[in-house]
Amino acid sequence: MVTSSGSFEEIAERLRAAGCVFAEEEARDLVEAAATADELAVMVERRAAGEPFEHVVGWVEFCGLRIVVEAGVFVPRLRTELMVAEAVARARPGAVVVDLCCGAGAVGAAVAASVGDVELHAADVDPAAVRCARRNLAVLGGHVYQGDLDGPLPAGLQGRVAVLTANVPYVPTGEIRLLPAEARLHEPRVALDGGPDGLDVLRRVVAVAPRWLAPGGHLLVETSDAQADQASQVMAAGGLDSQVVRSDELDAVVVVGRRHDGGR
Ligand SMILES: C[S@@+](CC[C@H](N)C(=O)[O-])C[C@H]1O[C@@H](n2cnc3c(N)ncnc32)[C@H](O)[C@@H]1O
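J.: I'd like a description of the overall build of the chain, backed by residues and values.
T.: A tally of helices and strands in the chain yields eleven helices and eleven strands. For the chain, whose C-alpha radius of gyration is 19 Å, the value lies close to the compact-globule estimate of 18 Å for 264 residues. Its C-alpha atoms give the chain principal-axis dimensions of roughly 65 × 40 × 30 Å. Taking the intrachain contacts of the chain between residues at least 6 apart in sequence as the baseline, contacts between residues at least 24 apart amount to 60%.

Shown next as structure tokens:
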């Protein structure tokens, strides 16, 4: 194929020279995604300039779904598929599922797509993320709200939530500068910065979770390996029975808290 950006080989070479490790695959997907030769040329230049591939094409594959992700919105990570698997294992058909800090809505979408019949609610503080989540969850009947943590959730959900997922920002503030440029420069700080020890938002979620969880309901949060024990202690101090789940394959850690059957 010859385009205004050159042949497929030239595009792949341009991406390779810019440091893209998967230059061939990305060239193929860019050619497929672009509607016109001019659009393709712009996409190739954006990618070569260092924008995340997912922002350039406007989607990411997550749990077998194509999730819309606009420029400037946190790109769902492969490791978060562990949180989805753990959530799915705890969500029966008909369950109320809430995804806080939902970003583009990937976690809720994947849980709903896998379990089938769930009542799904999702919320995020970032208007661009909420816009994406509304697009991604519309076909699944999900309700999406904008606001601080659980602030915008309908009061009628209190005590009814079987599964509460929250992939909160958890990078310690001092480590933001160590992140790859794609995250540091192209994802919003609010999606990454978890405060001095990375657990500020997690602590806030644990503090409000018992209000929303049904007796026996579960809270699931992703952490780094180094944070897992401390996060587990935060959950225990918040009155939840906690458990740490690890996946070497996904390089992922999820801390699961369970509200006691008798409530609190
Ligand atoms: C690490 S990203 C995860 C996004 C999504 N759950 C995923 O896994 O792709 C964290 C998200 O938390 C949101 N966020 C951060 N602080 C928040 C707050 N106080 N209230 C609501 N959302 C918040 C950010 O806007 C961002 O979308």
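What follows picks up the thread again.
J.: So what about unusual backbone geometry? Which residues, and what values?
T.: Of note in this structure, Cys101 is not a glycine but carries a positive phi near 55 degrees. Among the secondary structure elements, Cys101 is positioned in the loop between β5 (96–100) and α6 (106–115). Here the phi dihedral of Asp251 falls at roughly 55 degrees; this positive angle occurs in a residue that is not glycine. Following the sequence through the fold, Asp251 ends up in the loop between β10 (241–247) and β11 (252–258).

J.: Quick rundown of helix α11 (residues 228–237)? Include the residues and the values.
T.: For α11, the set of buried residues is Ala228, Ala231, Ser232, Val234 and Met235. Considered in projection along α11, the buried side chains sweep an arc of 155 degrees and stay on one side of the axis. Exposed side chains of α11 directed beyond 90 degrees from the buried face belong to Gln233 and Ala237. Lining the buried residues of α11 we find α10 (200–212), β9 (213–223), β10 and β11. At the C-terminal side of α11, Gly239 shows a positive phi close to 90 degrees.

Analysis parameters
- Residues numbered from 1 in each chain as written.
- Predicted model: local features only at pLDDT ≥ 70, side-chain atom pairs only at ≥ 80, totals over all residues.
- Heavy atoms only, no water.
- Helix = DSSP H or I, 4+ residues; strand = E, 2+ residues; numbered from the N terminus.
- Rg over C-alpha atoms; globule rule 2.2 N^0.38 Å.
- Contact = heavy atoms within 4.5 Å.
- Buried < 20%, exposed > 50% of the residue type's maximum accessible area, 1.4 Å probe, protein only.
- Arc of directions from axis to C-beta.

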